[in-house]
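# Descriptive analysis of the structure
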Amino acid sequence: MSPDPRARIGAAVRSLADEVHVDPPELAFLLEKARRPSRWRPLLSAFGVLGVLAAAALGPGLLAQPAAPTGGTVLPTRLAGLSLLTAAVSDAPAGPALLAYVQGTNGPRWLHTLQTVVLSTDGHTYRRLDEAERRGGPAEFGTWQDAPVLLAPDGSRIAVGSVDPRADVAVVDLRTGRTSTYRAGATGIVRPLAWSPDGTRLAYLTGDTDSAVLDITTGASTALPTPATTAAFSPDGRRIAVQGVPETEVEPRRPVRIVDLDGGGAPTELTEVGFGVVIAGSGAWSPDGRWIAVADNVGSGKLDCTLTFLPVDPAERNPPERIATAEQIALVGWAAPDRPLVTQGGATGHRTISGPDLRPLTTADGSDTYDLQAATALLPGARVADAGGASRGPWPVWLSLATAAAALTVAGLGWLLWSRRRHRAPGP
């Protein structure tokens, strides 16, 4: 016998194992066991199916990351119609946006039949701006109205006002989905008016007449020396063109004034504009600083609606050509100093983006589209192209779970029917 204790123990274990007799099962018995129904097999199969469905349904939402634009900035030839499955910005941010607009028809808040939508710079990624919904409020007949918004020039952020009285302004970072709030100079219904070209200042209106400029870097607001209900920054951001409420009820005159934000002093009044003529949005100041676009939609339905251009310097001559259309007109931005881009439409919303010749570059599908605006700094480099199918982002978690549960139910019913049919089948 070996003196090594480990060898002696090994030999003893082998001796015991050799003494145990084991009869291997018959092959027929194993085949019959495999054919015999087991009460645990359906349950284990169901859990397996549930795991696969849950991974398929929830995986995209759990793994969603902000999309990186490819191929430059794209202005799509068609804007996709409304979808109730469009992901929210806070859940799945898609990066900087080229366009923002309101789409759909009034309905209850939970149905999302009216949405504030942002379109990514890739031209096909859509997101629902849920912060506009949160800061919205009830409208007539139990419907919900989103808060007004304003897209920053570079498309990376969007300002959100309010429908109910508030004392703050919200700014959503479209790259991260996070929202920052800044204290307003007064309390009231908040409406963003204009971003400075560098995105560091935001002009806004609180209530009917309290207008101010918010410094995003410091959070401080400075009241404007003259009331403003519409505004547009100059290309260098040092001045701002404003227009207030009518001065009298008898003669509703709304002069356009220019405020020097750095040097102070009294506002300068431009050439008097006609009745109903207003600054044509936050991007009204031309990129070369020479013109301010104004819109006249008073005669909509009876007279031509027009977009004309006021000279900042009275000595300027040869403004861009006047644009006239039978439908309401608004300025979207500038593709070049002499090439304004406009949107036109009627009471059911604006459906196109066009150049000065009014030939559509972009057309909206299906649902009504309102308040269409652009990241003005991105328009000169944008190319018009077919952007392909719409990318809506991950489904809401509740919908993913409901889909997984429905698929599991169908699979379970199918297995049950198959099992009963199999057991009822006559033997050979």
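Here is a short report on the structure shown in this document. (Residues numbered from 1 in each chain as written. Predicted model: local features only at pLDDT ≥ 70, side-chain atom pairs only at ≥ 80, totals over all residues. Heavy atoms only, no water.)

### Concerning the overall build of the chain
Counting its regular elements, the chain contains five helices and 29 strands. Every one of the 428 residues in the chain was classed for burial, and the buried ones make up 41%. Surface summary for the chain: the accessible area is close to 22700 Å², and the carbon and sulfur share equals 57%. (Helix = DSSP H or I, 4+ residues; strand = E, 2+ residues; numbered from the N terminus. Buried < 20%, exposed > 50% of the residue type's maximum accessible area, 1.4 Å probe, protein only. Areas by Shrake-Rupley, 256 points an atom, 1.4 Å probe, with all protein chains shown as cover.)

### Structural notes on the pattern of salt bridges
Scanning the entire structure with this criterion turns up twelve salt bridges. Across the salt bridge formed by Arg 134 and Asp 130, the nearest N and O atoms sit 3.2 Å from each other. Taken together, the residues Arg 134 and Asp 130, both in helix H4 (residues 130–134) and four residues apart, mark about one turn of the helix. Given the relative accessible area of 39%, Arg 134 is considered partly exposed. For Asp 130, a relative accessible area of 8% corresponds to the buried category. Close ionic contact of Arg 135 with Asp 168 constitutes a salt bridge, the shortest N to O distance being 3.1 Å. Of this pair, Arg 135 sits in the loop between H4 and strand S6 (137–138) while Asp 168 sits in strand S10 (residues 166–173), and the two are 33 residues apart along the sequence. Judged by relative accessible area, which is 3%, Arg 135 ranks as buried. A single salt-bridge network, built from bridges that share partners, covers Asp 130, Glu 131 and Arg 134. (Salt bridge = Lys/Arg side-chain N within 4 Å of Asp/Glu carboxyl O.)

### Some thoughts on the packing of aromatic side chains
Enumeration according to the criterion identifies one aromatic pair in this entry. Look at Phe 309 and Trp 334: their rings are 5.8 Å apart centre to centre, the planes differ by 55 degrees, and that puts the pair in the tilted class. One end of the pair, Phe 309, is in strand S22 (residues 305–311); the other, Trp 334, is in strand S24 (residues 328–336), with 25 residues separating them in the sequence. We classify Phe 309 as buried; its relative accessible area is 7%. Given the relative accessible area of 4%, Trp 334 is considered buried. Its end group placed over the ring of Tyr 126, Arg 392 keeps NZ or CZ at 5.0 Å from the ring centre. (Phe/Tyr/Trp six-rings, centres within 6.5 Å; stacked < 30°, edge-to-face > 60°. Lys NZ or Arg CZ within 6 Å of the ring centre and 35° of its normal.)

### A word on the environment of Ala 387
Note that Ala 387 resides in the loop between strand S29 (383–385) and helix H5 (397–424). Taking C-alpha positions, Ala 387 is 9.3 Å from Thr 125, a pair spaced 262 residues apart along the chain. Once you skip the residues sitting within four places of it in the chain, Ala 387 turns out to touch Val 74, Pro 76, Asp 122, Gly 123 and His 124. (Contact = heavy atoms within 4.5 Å.)

### Overview of the nonpolar core
Counting 33 residues, the largest nonpolar core has Leu 79, Leu 99, Leu 129, Ile 158, Val 160 and Leu 174 as the members making the most contacts within it. Mapped onto this core, the elements with two or more residues apiece are strand S3 (97–104), strand S4 (114–120), strand S8 (149–151), strand S9 (157–160), S10 and strand S28 (369–374). No other element matches the five residues that S3 contributes to this core. Apart from the residues within four sequence positions on either side, Leu 174 is in contact with Val 89, Pro 93, Ala 94, Gly 95, Ala 97, Leu 129, Leu 151, Gly 155, Ser 156, Arg 157 and Ile 158. Ranked by size, the runner-up nonpolar core spans 26 residues in total, among them Ala 232, Val 273, Ile 279 and Trp 285. (Core = buried A, V, L, I, M, F, W, Y, C linked by side-chain atoms within 4.5 Å.)

### Overview of the sheet that holds strand S19 (residues 268–269)
Taken in spatial order, the four strands line up as S16-S17-S18-S19 in an open sheet, and their pairing is antiparallel. Two strands in the sheet have a free side with no partner beyond their single neighbour: strand S16 (230–233) and S19. Of the pairings in the sheet, the one linking strand S18 (residues 256–260) to S19 comprises two bridges and is antiparallel in character. Looking at S19, one finds that Ile 258 is bridged to Thr 268. (Pairing = 2+ DSSP bridges.)

### Some thoughts on the sheet that holds S3
One open sheet accounts for four strands, arranged S5-S4-S3-S28; its pairing is antiparallel. Each having just a single partner strand, strand S5 (126–128) and S28 make up the two edges of the open sheet. Adjacent strand axes in the sheet meet at a mean angle of 20 degrees, parallel and antiparallel pairs treated alike. Pairing geometry for S3 and S28, over four bridges, is antiparallel. If you follow Ala 100 over to S28, its bridge partner there is Gln 373. (Axes fitted to C-alpha atoms, helices over the stretch in contact; angles between N-to-C directions.)

### A word on the pairing of strand S12 (residues 190–195)
Counting buried positions along S12 yields five of six residues, so the element is predominantly enclosed. Here five bridges tie S12 to strand S13 (residues 201–206), and the two strands are oriented antiparallel to one another. Bridge pairing in S13 links Trp 195 to Leu 202.

### Overview of the side chain of Asp 168
Note on Asp 168: relative accessible area 19%, which makes it buried. Excluding its chain neighbours within four sequence positions, the residues that come into contact with Asp 168 are Arg 135, Thr 181, Tyr 182, Arg 183, Ala 184 and Val 190.

Function cannot be read off these values alone, since they describe shape.
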